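Overview (structure and organization)
Listed below are the residues making up each chain.
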Amino acid sequence: MHDGRFDPSGFYEFNLTAGMVRTRTGERVVILGEDVLCSLVAAAARDGDLTPLRRLGELLGEQVHGGLDRPASVLSPEAVLGHVSAVISLFGWGRLTFERWGPALVIALRDKPELDEDELGAAALLGGMFSEISQRQVSCVPTGDSKFIMVDFEVAETVWGWFKDGADLPAIVGMLEAKRAS
Amino acid sequence: MSNREDRLRSLLDKVRAKRPDERTTRAADALDRIRTASGTTAAVQVSSSPPARVPSSPLPEPPTSPTIDSPTRYSSQPPEVERPLSVEPRARIRPSSGAPAVGSQPASASQSRRPESIRPQSVAPTGQPVVYATDQPEFPRPKTFGDLLELTLSLRPR
């Protein structure tokens, strides 16, 4: 696909006759007010079921996939970041950047809708999106300051516990070590 | 003639008396700059002290490995040229009359000026040579998103 950069032209198709908005991959989307979305997500977070947010993230991941000419795994981090941040922006979810803290990949999502206090809604969204992009089950665990550390879903609960116990991002990274799967 | 010799000797004594301090200060400045300079060298900071705000319980033991203080940030635009991880000039070590001499160009020094070598005994009060390490950080920059993903997904609690 062209030079590998994200092309936002024609991303949405507005069908006024049918009363529908679709993305260029054919996915129907509905535009919601931020306060409405926040209420829905807050309720879902209270109930402990953020599956719809994760599913939405997967849909965003599919949009990213649709714009890539090769699997994300063989592209440079910068190229993947370009596509991911563009899709996130087009859906109004804020400014996404990558940070690398030692061996850990950290997603920063600024200016996002303030969904819930613990940022679990955004975590579910990012987890779904990057699982779809990487074709692996990943989790993005909130670590404060709109940052989310990407880890294997098996250790997500442990990392979340550390953060809830007061560990900041450098401390969390310090308590992790890279281990190759045997 | 003797007056001239006296003046020269006096000047020489002044230079001898002054230089070690100057060099020590300059070397310390250069070391500080290397530690605090912008770029990857500073972005991936490593310290051996345990995290400050980690509660003692129920978290595991404080890590013995380095902790990270600030991140390496990515831009969505790929770099035109593969940039080196360090922006500071690499320290040069060359042997000189049995003892190593350590040369380093301070970060603020003019690019056109040649780095002057500093004798180790004039840098460190202990007589040990001081080496300005600008080695690559412990974690090399992954080339692909897949490499980055592998690294972060391999993380497990210590």
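Along each chain, numbering runs from 1 in the same order as the chain's sequence is written. Chains carry letters from A onward and ligands carry numbers from 1 onward, assigned in written order. In view of the model being predicted, local features appear only for residues whose pLDDT reaches at least 70, and side-chain atom pairs are presented and counted only at 80 or more, with totals across whole chains, interfaces and linings using the full set of residues. The basis for every side-chain value is the complete set of heavy atoms in the structure, and neither hydrogens nor water enter the calculation.

Residue and element names in this part refer to chain A. Within this document, salt bridges are pairs made up of a side-chain nitrogen of Lys or Arg and a carboxyl oxygen of Asp or Glu, the two lying within 4 Å of each other. Enumeration over the complete set of coordinates arrives at 11 salt bridges over all chains. Two residues, Arg95 and Asp111, come together in a salt bridge whose shortest N-O distance is 2.9 Å. Here Asp111 lies in the loop between strand 5 (104-110) and helix 4 (120-134) and Arg95 lies in strand 4 (residues 95-101), a separation of 16 residues in the sequence. Residue burial is assigned from relative accessible area. The probe radius is 1.4 Å, only protein chains are included, and a residue is buried under 20% of its type maximum, exposed over 50%, and partly exposed in between. For Asp111, a relative accessible area of 60% puts it in the exposed group. Linking Asp145 and Arg110 is a salt bridge whose minimum nitrogen-to-oxygen distance equals 3.5 Å. Placement of Asp145 in the loop between strand 6 (138-142) and strand 7 (147-152) and of Arg110 in strand 5 is noted, with a sequence separation of 35 residues between them. Each member of the salt-bridge network shares a partner with another, and the members are Arg55, Glu58 and Glu62. Secondary structure counts use DSSP, requiring at least four H or I residues in a row for a helix and at least two E residues in a row for a strand, with both numbered from the N terminus.

Attention shifts here to the packing of helix 2 (residues 51-67) of chain A against helix 3 (residues 77-90) of chain A. All names here are of chain A. Only the contacting stretch of a helix is used when fitting its axis, a line to C-alpha atoms as for every element, and angles between N-to-C directions run 0 to 180 degrees. The geometry of helix 2 relative to helix 3 is characterised by a closest axis approach of 9 Å and an angle of 130° between their N-to-C directions. As the angle between them shows, helix 2 and helix 3 are arranged oblique. Of the two possible hands of crossing, helix 2 and helix 3 adopt the one that is right-handed. Side by side, helix 2 and helix 3 meet where Leu60, Gln63, Val64 and Gly67 of the first sit next to His83, Val84, Val87 and Ile88 of the second. Classification used: nonpolar for Ala, Val, Leu, Ile, Met, Phe, Trp, Tyr, Cys and Pro, charged for Asp, Glu, Lys and Arg, polar for all others including Gly. When grouped by side-chain class, the residues that make up the contact of helix 2 with helix 3 number five nonpolar, three polar and no charged. Every angle not falling under 35 degrees, over 145, or within 65 to 115 is termed oblique; those three ranges are roughly parallel, roughly antiparallel and roughly perpendicular. Each crossing gets its hand from how the near helix is turned against the far one by less than a right angle, where anticlockwise is left-handed and clockwise is right-handed. Residue contacts are defined here by distance: any two heavy atoms, one from each residue, within 4.5 Å place the two residues in contact.

By themselves, these are just geometric observations and shouldn't be taken as functional.
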